Amino acid sequence: MDSSEASIAISVSSLSTSYGQMQALDQVSFSVRQGEIFAYLGPNGAGKTTTINIISGLIPRDAGKISICGADVASDPVFVKSRIGVVPDESNLYPELTCRRNLEYLGELYGLPRAMRKRRAADLLGQFDLASRAVMPFRALSRGLKRRLTIAAALVHRPEVVFLDEPTVGLDVLSARALRELIREISRDGTTVLLTTHNLEQGLEMCDRAAILNRGKVAWEGPRSGIDLVEMKEIYRSVTRPA
């Protein structure tokens, strides 16, 4: 493996899948480097969530190859799942449990020793500015704070790669801005972030590189640097224009 291959955290090659007669993904290929924020952009229904679900091992694929941190998703799923954290578009935490207990319980599921999961929960509550709400039930949090805790939960086991599906959807402006800064902080800590969004401006504000998915195909992929927002909007309009 050369140095360029070693720096790839996510590699997707010729990924295809269908639902009955509908081709959901068609020969999708892209790669994400270690420590990068990669924005997976596209209109609703383009296939973004399907891609995340396949990459993270939640649903099968028809064809293609996927590797995470050098391991094949199909042949080494246990290793891959230990290296990833997934933040779905809807929270998967327990509404009746407190913020602290949700994090500790997930740490228990990942096999962290009792002392370690308690310490990790406390660290994450502090990092995500939720320490004052540690004993509050998850259901009592605002939408923005629920989103924060859901992301914190995906980091309990210190994954190398995190998938964020529409992380700011439904949030007010201030909550979305605070969450974007938390995502940057995660990346600065060395974690690779792949986020999906149909919000072009928010995705581009955070990312190092991006891909645009339309009707199940990658229509564009490239670095964010050197392209201003006006030019990027024109690219997006051009490649997502109805056939």
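Look up: the structure comes first, before these words.
Predicted model, so just to flag it, every value in this text is computed and none were measured.

(A) Geometry of the overall build of the chain. Of regular secondary structure, the chain possesses nine helices and ten strands. What you see for the chain is a C-alpha radius of gyration of 18 Å, in line with the 18 Å of a compact globule of 243 residues. Across its three principal axes, the chain shows a C-alpha extent of roughly 50 × 40 × 40 Å. Counting all 243 residues of the chain, 46% fall into the buried class. Taking as baseline every contact in the chain between residues at least 6 positions apart, the subset at least 24 positions apart corresponds to 68%. Carbon and sulfur atoms make up 50% of the accessible area of the chain, which amounts to about 11,600 Å² in all. Side-chain charges of the chain comprise 31 positive and 28 negative groups, with the mean position of each set lying 5 Å from the other.

(B) Highlighting helix α6 (residues 143-154). Relative to the 16 Å expected for twelve residues at 1.5 Å per residue, α6 spans 17 Å between its end C-alpha atoms, a close match to the ideal helical length. Taken together, the buried positions of α6 are occupied by Gly144, Leu145, Arg147, Arg148, Leu149, Thr150, Ile151, Ala152, Ala153 and Ala154.

(C) Representation of the packing of α6 against helix α7 (residues 173-188) in the model. Where α6 meets α7, the closest approach of the two axes is 10 Å, and the angle between their N-to-C directions is 15°. In terms of axis orientation, α6 runs roughly parallel to α7. In terms of crossing hand, the pair formed by α6 and α7 is right-handed. Note on element contacts: α7 touches α6 through Ser175, Ala178, Leu179, Leu182 and Ile186, opposite Gly144, Arg147, Arg148 and Ile151.

(D) Region of interest: the layout of surface pockets. By volume, the largest pocket amounts to about 410 Å³. Forming the walls of the largest pocket are 18 residues, and the residues nearest its centre are Gly85, Val86, Asn92, Leu106 and Tyr110. Only β6 (84-87), α4 (99-109) and α6 provide two or more residues apiece to the lining of the largest pocket. Classifying every residue of the lining of the largest pocket by side-chain character gives eleven nonpolar, six polar and one charged.

(E) Layout of the packing of aromatic side chains. Within this structure, the stated rule accounts for three aromatic pairs. Centre to centre, the rings of Phe30 and Phe38 are 5.4 Å apart; their planes meet at 10°, and the pair counts as stacked. Residue Phe30 is classed as buried on the basis of its relative accessible area of 4%. What makes Phe38 buried here is its relative accessible area of 0%. Taking the centre distance of 5.6 Å and the plane angle of 80° together, the rings of Tyr94 and Tyr105 count as edge-to-face. Taken as a pair, Tyr94 in the loop between β6 and α4 and Tyr105 in helix α4 lie far apart in primary sequence, eleven residues in all. On the basis of relative accessible area, Tyr94 is assigned to the partly exposed category, the value being 37%.

(F) Local environment of α4. Buried within α4 we find Cys99, Asn102, Leu103, Glu104, Leu106 and Gly107. Elements in contact with the buried residues of α4: α5 (114-127) and α6.

(G) Just the sheet that holds strand β10 (residues 217-223), in detail. One open sheet accounts for six strands, arranged β6-β7-β8-β3-β9-β10; its pairing is mixed. Among the strands making up the open sheet, the edge pair consists of β6 and β10. Taking the axes of each pair of neighbouring strands and ignoring which way they run, one obtains an average angle of 15° across the sheet. Across four bridges, the pairing between strand β3 (residues 37-41) and strand β9 (residues 209-214) is parallel. Among the inter-strand pairings, Tyr40 is bridged to a residue of β9, identified as Ala211.

(H) Region of interest: the pairing of strand β8 (residues 192-197). The element β8 is largely enclosed, with a buried count of six among its six residues. Of the strand pairs in this sheet, β3 and β8 are connected by five bridges, and their pairing is parallel. Note that in β8 the partner of Ala39 across the bridge is Leu195. As paired elements, strand β7 (residues 161-165) and β8 share five bridges and run parallel to each other. By the bridge assignment for β8, Phe163 is matched with Leu194. For the crossover from β7 across α7 to β8, the handedness is right-handed.

The rules behind each value
Residues numbered from 1 in each chain as written. Predicted model: local features only at pLDDT ≥ 70, side-chain atom pairs only at ≥ 80, totals over all residues. Heavy atoms only, no water. Helix = DSSP H or I, 4+ residues; strand = E, 2+ residues; numbered from the N terminus. Rg over C-alpha atoms; globule rule 2.2 N^0.38 Å. Buried < 20%, exposed > 50% of the residue type's maximum accessible area, 1.4 Å probe, protein only. Contact = heavy atoms within 4.5 Å. Areas by Shrake-Rupley, 256 points an atom, 1.4 Å probe, with all protein chains shown as cover. Lys, Arg positive; Asp, Glu negative; His and termini not counted. Charge placed at Lys NZ, Arg CZ, Asp CG, Glu CD. Expected span 1.5 Å × (residues − 1). Axes fitted to C-alpha atoms, helices over the stretch in contact; angles between N-to-C directions. Parallel < 35°, antiparallel > 145°, perpendicular 65-115°, else oblique. Left-handed = near helix turned anticlockwise from the far one by under 90°. 1 Å grid on protein atoms, 1.4 Å probe; cavity = no way out; pocket = protein on both sides within 12 Å on 5 of 7 lines; lining within 4 Å. Points joined across faces, edges and corners; volume = space filled by probe spheres on them. Nonpolar A, V, L, I, M, F, W, Y, C, P; charged D, E, K, R; others polar. Phe/Tyr/Trp six-rings, centres within 6.5 Å; stacked < 30°, edge-to-face > 60°. Pairing = 2+ DSSP bridges. Right-handed = clockwise from strand over helix to strand, strands pointing away.

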